[in-house]
Structures are given as structure tokens and as C-alpha cells.
Amino acid sequence: EAGVTQFPSHSVIEKGQTVTLRCDPISGHDNLYWYRRVMGKEIKFLLHFVKESKQDESGMPNNRFLAERTGGTYSTLKVQPAELEDSGVYFCASSQEYGGGTDTQYFGPGTRLTVL
Amino acid sequence: QQPVQSPQAVILREGEDAVINCSSSKALYSVHWYRQKHGEAPVFLMILLKGGEQKGHDKISASFNEKKQQSSLYLTASQLSYSGTYFCGTPNSGNTPLVFGKGTRLSVIA
């Protein structure tokens, strides 16, 4: 069974540019999460999809971040325009059952975003 | 509420044991343990749901105290492959995403 995949693995852009990150969850997983880890700090939640619906987007930093999950399969996270503080590693995770309390979340390898 | 992990970092020689703690001032709904190696995906280790629960596989085990306010991860007879950053994560309630601790960096040296 293929794991969670993310593309690209690295992205280096200049401040003000746009970047789109992609996540392909494990097949059959309805729940898809985006997290971000800034250098040396904890992994922080950004948002949660259940199928194609945004269940919780309380962790999104601001309206420069836009996430979509059309058709309930893969998801994209767009940052427009990017700022220096957006640098970090963006992780995607997926889980089968609804609910973070008891369900195992499987993480992708992350996209390392550097904004210069 | 973010769980508190301790220690922040630990260095071990191969074969030594380590304990990583994850605690909160309030009862935790559940505790999820992950290990992340540099540049790789966080890998799920185990989940604890009930007070007093203990789980383990191979030489890595974990416990959840009766009050569900602390979980400990035990690494025995450490191997070089155990190196990485260990995170505990917990949801604020049953159906919310995980809130992670700041991580414990474990380095195992020969």
C-alpha cells in the first residue's frame, strides 16, 4: 500500500511569489490534514478535510493560504503571496476514520519551503 | 492545550535506555507517539487511549498514567536507528486534530 506522498519535496521561492504544494493521501482515507513545522519548533495543525469538505481550518495562519481538495482525493495548499515567515516544512497526513482522538494519522515526507 | 515534553534532548550510547515524557495539566483524550528522522516523514509509533494503558513492540513501549495526564515513552537497549525527534500529539477532544509537543531530540551514538 502506497503511503502519503507530497510534491515537491523542496521549494525555494522569493518573497511575493506563489507556491502550490500537493498531497496525495493513502487511497481510501477520507481524512486529510495539513501541518507545518517551522525550524526547531513543534508540528502545528493547519487544517483538516473530510473528503472534499473543510472540517477545521482554525490553524490556517491568514488568507494568503488556500487549501483545496477537489473530488476528495488529493489536496493542494497554495501560498500567495509568500512571506519570509512561511518558510518551514509542510506535512500532510491522512487517516481512515473520522476523528483525531483515536485514529492513526499517517504522515507524508513533507515539502520543505524556503522563502527568500 | 499543548502537551509538554521532556527532556528536550538526550544523547545515549548504544545499549542505553531512555525515557521521554509527555504531560499536561489536564486529562488527555489520547496520546499519539511519533518519531521523525531528519528530512523524513514522522512515523507513527503507537497510540494510548486509556488511563493505565501500556503498550509496546520490540524495545519501544509506552504508558499512560491513570489520570491520563502523563504518558511516557520507553526506549530500551537503544540502537543507532532510534535516533530522531520524538513527538507526542494529543487531540483537544475526540474529534479534533492533534496538538503536538515541541519534541525530544534523541541521539544514539556508537
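Quantities reported herein were computed from a predicted structural model and do not represent experimental measurements.

## Description of the overall build of chain A
A tally of helices and strands in chain A yields 0 helices and 11 strands. Taking 116 residues into account, the globule formula puts the C-alpha radius of gyration at 13 Å, and chain A, at 13 Å, falls close to it. Taking the principal axes of the C-alpha coordinates as reference, chain A spans close to 40 × 25 × 25 Å. Counting over 116 residues, chain A shows a buried share of 51%. The long-range fraction of contacts in chain A, counting pairs at least 24 apart against all pairs at least 6 apart in sequence, stands at 53%. With an accessible surface of roughly 5600 Å², chain A has 48% of that area assigned to carbon and sulfur atoms. With 12 positive and 14 negative side-chain charges, chain A shows a separation of 6 Å between the mean positions of the two kinds.

## A few points about the interface of chain B and chain A
In this assembly, 25 residues from chain B lie in contact with 21 residues from chain A. Both sides of the chain B and chain A interface together cover about 1800 Å² of buried area, and 60% of this is carbon and sulfur. Our enumeration of links across chain B and chain A arrives at 3 residue pairs in polar contact (both at pLDDT 80 or more). Those elements that place two or more of their residues in the side of chain B that touches chain A are strand S4 (31-36), strand S5 (43-48), strand S9 (84-91) and strand S10 (98-100) of chain B. Across the side of chain B that touches chain A, the residue classes tally to 12 nonpolar, 11 polar and 2 charged.

## Comments concerning the sheet that holds strand S6 (residues 54-57) of chain B
Residue and element names in this part refer to chain B. With antiparallel pairing, the 5 strands of this open sheet are ordered in space as S1-S3-S8-S7-S6. A strand with exactly one partner marks an edge of an open sheet, and here the two such strands are strand S1 (4-6) and S6. Averaged over all neighbouring strand pairs, the angle between strand axes comes to 15 degrees, with direction disregarded. Both strand S3 (residues 18-23) and strand S8 (residues 70-75) contribute to a ladder of 6 bridges, which runs antiparallel. By the bridge assignment for S8, asparagine 21 is matched with serine 72.

## Thoughts on the sheet that holds strand S1 (residues 5-7) of chain A
Residue and element names in this part refer to chain A. Read across the sheet, 4 strands follow the order S1-S3-S8-S7 without closing on themselves; strand pairing throughout is antiparallel. In this open sheet, the two strands that pair with only one neighbour each are S1 and strand S7 (65-68). With direction set aside, neighbouring strand axes in the sheet form an average angle of 15 degrees. Here 5 bridges tie strand S3 (residues 19-24) to strand S8 (residues 75-79), and the two strands are oriented antiparallel to one another. Across the sheet, leucine 21 pairs through a bridge with leucine 77, a residue of S8.

## Quick look at the state of the cysteines
Residue and element names in this part refer to chain B. Per the stated rule, a full pass over the model turns up 2 disulfides over all chains. The residue that forms a disulfide with cysteine 22 is cysteine 88, at a sulfur-sulfur distance of 2.0 Å. Residues cysteine 22 and cysteine 88 are joined by a disulfide whose S-S torsion is about 80 degrees; by sign, that bridge is right-handed. Of the two residues, cysteine 22 sits in strand S3 while cysteine 88 sits in strand S9, which places them 66 residues apart along the sequence. Across this residue pair, the class does not change: cysteine 22 and cysteine 88 are buried.

## Overview of the pattern of salt bridges
Between side chains of opposite charge, a pair can form when the charged atoms approach closely. Residues and elements named next belong to chain A. Taken as a whole and assessed by the stated rule, the structure comprises 6 salt bridges over all chains. Linking glutamate 57 and lysine 54 is a salt bridge whose minimum nitrogen-to-oxygen distance equals 4.0 Å. Given the relative accessible area of 44%, glutamate 57 is considered partly exposed. You can call lysine 54 partly exposed: its relative accessible area is 36%. Through salt bridges with shared partners, a single ionic network connects Arg64, Glu85 and Asp86.

## Looking at unusual backbone geometry
Residue and element names in this part refer to chain A. Here the residue pair phenylalanine 7 and proline 8 is connected by a cis peptide bond, since its omega of -5 degrees sits within 30 degrees of zero. With respect to the secondary-structure elements, proline 8 resides in the loop between S1 and strand S2 (10-13). Backbone torsion omega between glutamine 80 and proline 81 reads -10 degrees, so that peptide bond is classified as cis. With a phi angle near 55 degrees, lysine 51 is a residue other than glycine that sits in the positive phi range.

Definitions and limits used
- Residues numbered from 1 in each chain as written.
- Chains lettered and ligands numbered in written order.
- Predicted model: local features only at pLDDT ≥ 70, side-chain atom pairs only at ≥ 80, totals over all residues.
- Heavy atoms only, no water.
- Helix = DSSP H or I, 4+ residues; strand = E, 2+ residues; numbered from the N terminus.
- Rg over C-alpha atoms; globule rule 2.2 N^0.38 Å.
- Buried < 20%, exposed > 50% of the residue type's maximum accessible area, 1.4 Å probe, protein only.
- Contact = heavy atoms within 4.5 Å.
- Areas by Shrake-Rupley, 256 points an atom, 1.4 Å probe, with all protein chains shown as cover.
- Lys, Arg positive; Asp, Glu negative; His and termini not counted.
- Charge placed at Lys NZ, Arg CZ, Asp CG, Glu CD.
- Buried area = accessible area lost by both parts, 1.4 Å probe.
- Polar contact = N/O pair within 3.5 Å; in protein donor to acceptor, adjacent residues only side chain to side chain.
- Nonpolar A, V, L, I, M, F, W, Y, C, P; charged D, E, K, R; others polar.
- Pairing = 2+ DSSP bridges.
- Axes fitted to C-alpha atoms, helices over the stretch in contact; angles between N-to-C directions.
- Disulfide = S-S within 2.5 Å.
- Salt bridge = Lys/Arg side-chain N within 4 Å of Asp/Glu carboxyl O.

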